[in-house]
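Breakdown of the fold
Now for the letters of each chain:
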Amino acid sequence: MKKAIALVDNILKPALQWVTGEDDWLNIFLSLYKKVGKYWESKTLIIIGPTASGKDSFLDKLRKKEIKQDYSQTRGSEEVEKYKLEWTIDGKTITTNAAPSINVGGEIDQRERFWKEACKPCDVIFYLIDAEKLKTDRDALLSRLRGDLKWLVVNASTFKKDFKLSLIVNKIDLVVQEDEDQNENIIAELINEVKEIAEKTLSVRKNHLVGVFPLSITNEYMFETYSAKILTETMEA
């Protein structure tokens, strides 16, 4: 818990202070409540990325649904009905209604068959990768990341003109260490590496990239704090 709190104070709070122009957590919350809630009421989002990167779990967490314990691979595309979007800042919960969203499979054949049509109506694209695989299967994951981003560059002209892309390095809790002093550097190095690859690969489309963010879906504290940053910075971009 101390490890997570230190990461929030050092990384999340300065970012939210910059976004809102407020100094203390209460005023930050009030400012975000007005801005963020209104923004997400009318936005359609899609969550894409390789298989088993946490796409379904991320959507379930945003919808406050119980995460399935048994992995089930998504095939094809499916529309998710309008739902309540909730997140907590400084103990206060923001609730708003999110527009219908789209869920798609993560295999390359699914990308070629379904991603293009699924991405067309979306205002926000969340792209997830598995942080642990950056350690255990690095070359394969980075190859897939580059391939997916190249696909996005080729097809971006068919998407909404001002769509936003947020890259999420999920399962970050699996790569941090017991030594709390090292964790901030570990996360920063991973995020910077992925960001550098993303900006280079996206090339002429890098203006759509909001940023690269850490996330943990299984660590409740990390999810609440990092998801707030993801939603806020995506809105402000």
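Residues numbered from 1 in each chain as written. Predicted model: local features only at pLDDT ≥ 70, side-chain atom pairs only at ≥ 80, totals over all residues. Heavy atoms only, no water.

A closer look at the nonpolar core
- If you look at the biggest cluster of nonpolar residues, it comprises 54 residues, and the most contacted ones within it are F58, F126 and L165.
- Beyond its immediate sequence surroundings of up to four residues, F58 is in contact with I47, F126, L128, I168, L215, I217 and F223. (Core = buried A, V, L, I, M, F, W, Y, C linked by side-chain atoms within 4.5 Å. Buried < 20%, exposed > 50% of the residue type's maximum accessible area, 1.4 Å probe, protein only. Contact = heavy atoms within 4.5 Å.)

Considering the pairing of strand β6 (residues 124-130)
- In terms of residue burial, β6 counts as a mostly covered element, since seven of its seven residues are buried.
- The alternating pattern of β6 places V124, F126, L128 and D130 on one face and I125, Y127 and I129 on the opposite face, and all of these are buried.
- Here strand β1 (residues 45-48) pairs with β6 via four bridges, running parallel. Pairing of I47 across the sheet is with F126, part of β6.
- Of the pairings in the sheet, the one linking β6 to strand β7 (residues 164-170) comprises seven bridges and is parallel in character. (Helix = DSSP H or I, 4+ residues; strand = E, 2+ residues; numbered from the N terminus. Pairing = 2+ DSSP bridges.)

Here's the deal with the packing of helix α3 (residues 55-62) against helix α8 (residues 220-236)
- At a minimum axis distance of 12 Å, the contact between α3 and α8 shows a crossing angle of 85°. On the basis of the axis angle, α3 is roughly perpendicular to α8. Contacts from F58, K61 and L62 of α3 reach α8 at E220, F223 and L231.
- Residue classes in the contact of α3 with α8 are distributed as four nonpolar, no polar and two charged. (Axes fitted to C-alpha atoms, helices over the stretch in contact; angles between N-to-C directions. Parallel < 35°, antiparallel > 145°, perpendicular 65-115°, else oblique. Nonpolar A, V, L, I, M, F, W, Y, C, P; charged D, E, K, R; others polar.)

Concerning the pattern of salt bridges
- Counted under the stated rule, the structure contains nine salt bridges.
- Residues D148 and R111 are paired through a salt bridge, measuring 2.7 Å at the closest nitrogen-oxygen approach. Placement of D148 in helix α6 (residues 138-155) and of R111 in helix α4 (residues 108-119) is noted, with a sequence separation of 37 residues between them. Exposure class is identical for D148 and R111. Each is buried.
- Taking the shortest distance from any N to any O, the salt bridge between K171 and D130 comes out at 3.1 Å. You can see K171 sitting in the loop between β7 and α7 (180-202) and its partner D130 sitting in strand β6, a full 41 residues away along the chain. (Salt bridge = Lys/Arg side-chain N within 4 Å of Asp/Glu carboxyl O.)

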